[in-house]
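A structural walkthrough
Now for the letters of each chain:
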Amino acid sequence: MKQLIRLFSAITLLVFVACGDDDNSYNLKKDTDPAPVQPDARQDGGPDIAKYSLEFPALKGGNSVVVVHYGTVNDKLGKKDYNYSVEWDTNIHAQRWSCYKMYADNYKTGSQVSRYNATNDGTLSAQCQYPNDPDLPSQYRFTKDPYKGSGFDHGHICPSADRQRATEANYQTFYITNMQPQNNPFNAGIWADMESQVRTWANNFDTLYVCKGGTIDKSEWILKYLGSGDYKIPVPKYFFMALLGKKGANFKATGFWIAQDSYSSTALKSYACNIQSLEKNTGIDFFCNLPDNIENEVETISFSKMETEWTWFK
């Protein structure tokens, strides 16, 4: 598939990029070598990141663009690195997912910085609480914040708390492109519990690959719309998390699927599923950069085995 690439000073924008070929020997060398990986080697660069970095699902294409954010992710280390990526649908005016990695160098090393805090004036200026994404082409940006006064929270997809080892990386998580509309009891309740669980799991792996988002592609997946005109945005009915953990040469995967308007139990286990089920629910092909045999093994795991491998279920 052809690639249309635009390079910016701080990001790479990829348009209509597919997953890598089935021969993924290069993919494993990049991110899954069991030998220790130094911070410099963590820096994913160039237009092919979506073809080898394991957190990326297959891209939708069509009206979608992918924005890859770079910045200082750990103030103690002080080096520019890959932060997170977003697939933004320019027709629907919403993000389909954010994906990123969690590992000791950028998640645990060094002091925790303060969460970014500014006035939420709805202007989307660089100084407000929820800025426009400066790395999204200007023709796709909002002119005002459709969340303002809507009654819905700006629900982080790549959480602020997952990027609190550097001021720049934390600030980038507040871009409007990293948000989905969430009602407050969901956002501050079970979604926050799921995010906390992911951070706990990150301690168990060399690298945890994360892809999260809300459903925007079918009318039955959308609760309502915020805003009006060219920049009305959907409120997802369902939210999901797809997680791939690597320790040494071994992989484990699990997922969450939850309706923000009708969930009942507060037990996270109630919303857990394997990746195969999550793919059927979302229509997204997760972790497609894994070699086929590993992808099939980790994505089709039985629930009982998943309970054993992800010991939090107990």
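For the structure, see preceding data.
The model shown is predicted, which means the values in this text are computed figures rather than measured ones. (Residues numbered from 1 in each chain as written. Predicted model: local features only at pLDDT ≥ 70, side-chain atom pairs only at ≥ 80, totals over all residues. Heavy atoms only, no water.)

Counting residues in hydrophobic clusters, the biggest one holds 32 residues, and the most contacted among them are Phe56, Trp97, Leu244, Leu278, Phe286, Phe287 and Leu290. Residue assignment for this core shows that the elements contributing at least two residues are helix H2 (49-52), strand S3 (64-72), strand S5 (94-102), strand S8 (207-214), strand S11 (238-247), strand S12 (250-259), helix H7 (275-282) and helix H8 (292-299). When neighbours within four sequence positions are excluded, phenylalanine 286 is seen to be in contact with Pro57, Cys211, Phe240, Ala242, Ile275, Leu278, Glu279, Glu295 and Glu299. Of all hydrophobic cores here, the second largest spans 29 residues; its members include Met102, Cys158, Phe239 and Ala272. (Core = buried A, V, L, I, M, F, W, Y, C linked by side-chain atoms within 4.5 Å. Buried < 20%, exposed > 50% of the residue type's maximum accessible area, 1.4 Å probe, protein only. Helix = DSSP H or I, 4+ residues; strand = E, 2+ residues; numbered from the N terminus. Contact = heavy atoms within 4.5 Å.)

All of the buried residues in H8 are Ile294, Glu295, Val298 and Glu299. The arc enclosing the buried residues of H8, seen along the axis, measures out at 115 degrees, which places them on a common side. Along H8, the residues that are exposed and aim more than 90 degrees away from the buried face are Asn293, Asn296 and Glu297. (Arc of directions from axis to C-beta.)

Relative to the elements of secondary structure, histidine 156 occurs in strand S6 (residues 153-156). Apart from residues lying up to four places away in sequence, histidine 156 is in contact with Arg115, Tyr130, Thr173, Phe174, Asn178, Met179, Trp191 and Glu195.

The next point concerns the state of the cysteines. Going through the model one piece at a time under the given rule, you end up with zero disulfides. There is no disulfide at cysteine 99, and the cysteine sulfur nearest it, in cysteine 211, is 5.5 Å away. The exposure class of cysteine 99 is buried, given its relative accessible area of 0%. (Disulfide = S-S within 2.5 Å.)

What follows covers the packing of aromatic side chains. In this structure the tally under the stated criterion is 17 aromatic pairs. Centre to centre, the rings of tyrosine 116 and phenylalanine 174 are 5.4 Å apart; their planes meet at 65 degrees, and the pair counts as edge-to-face. Placement of the pair is tyrosine 116 in the loop between helix H3 (104-107) and S6 and phenylalanine 174 in the loop between helix H4 (167-172) and strand S7 (179-182), with a sequence separation of 58 residues. Overall, the relative accessible area of 17% leaves tyrosine 116 in the buried class. For phenylalanine 174, a relative accessible area of 0% puts it in the buried group. With centroids separated by 5.3 Å and ring planes inclined at 45 degrees, the aromatic side chains of phenylalanine 205 and tryptophan 310 adopt a geometry described as tilted. On the criterion of sequence distance, the pair formed by phenylalanine 205 in the loop between helix H6 (190-202) and S8 and tryptophan 310 in the segment after helix H9 (303-309) is long-range, its members being 105 residues apart. In terms of burial, phenylalanine 205 and tryptophan 310 fall into one category: buried. An aromatic cluster of at least three residues, connected via ring pairs, comprises Tyr116, Tyr130, Tyr171, Phe174 and Tyr175. Here the guanidinium or amino end of lysine 232 rests over the ring plane of tyrosine 225, the centre of that ring lying 4.8 Å away. (Phe/Tyr/Trp six-rings, centres within 6.5 Å; stacked < 30°, edge-to-face > 60°. Lys NZ or Arg CZ within 6 Å of the ring centre and 35° of its normal.)

Counted according to the given criterion, the structure contains nine salt bridges. Where lysine 101 meets glutamate 55, a salt bridge forms, and the shortest distance between an N and an O atom there is 3.7 Å. One end of the pair, lysine 101, is in strand S5; the other, glutamate 55, is in the loop between H2 and S3, with 46 residues separating them in the sequence. The exposure classification of lysine 101 matches that of glutamate 55, with both residues buried. For aspartate 89, the salt bridge identified is with arginine 96, shortest N-O distance 2.8 Å. (Salt bridge = Lys/Arg side-chain N within 4 Å of Asp/Glu carboxyl O.)

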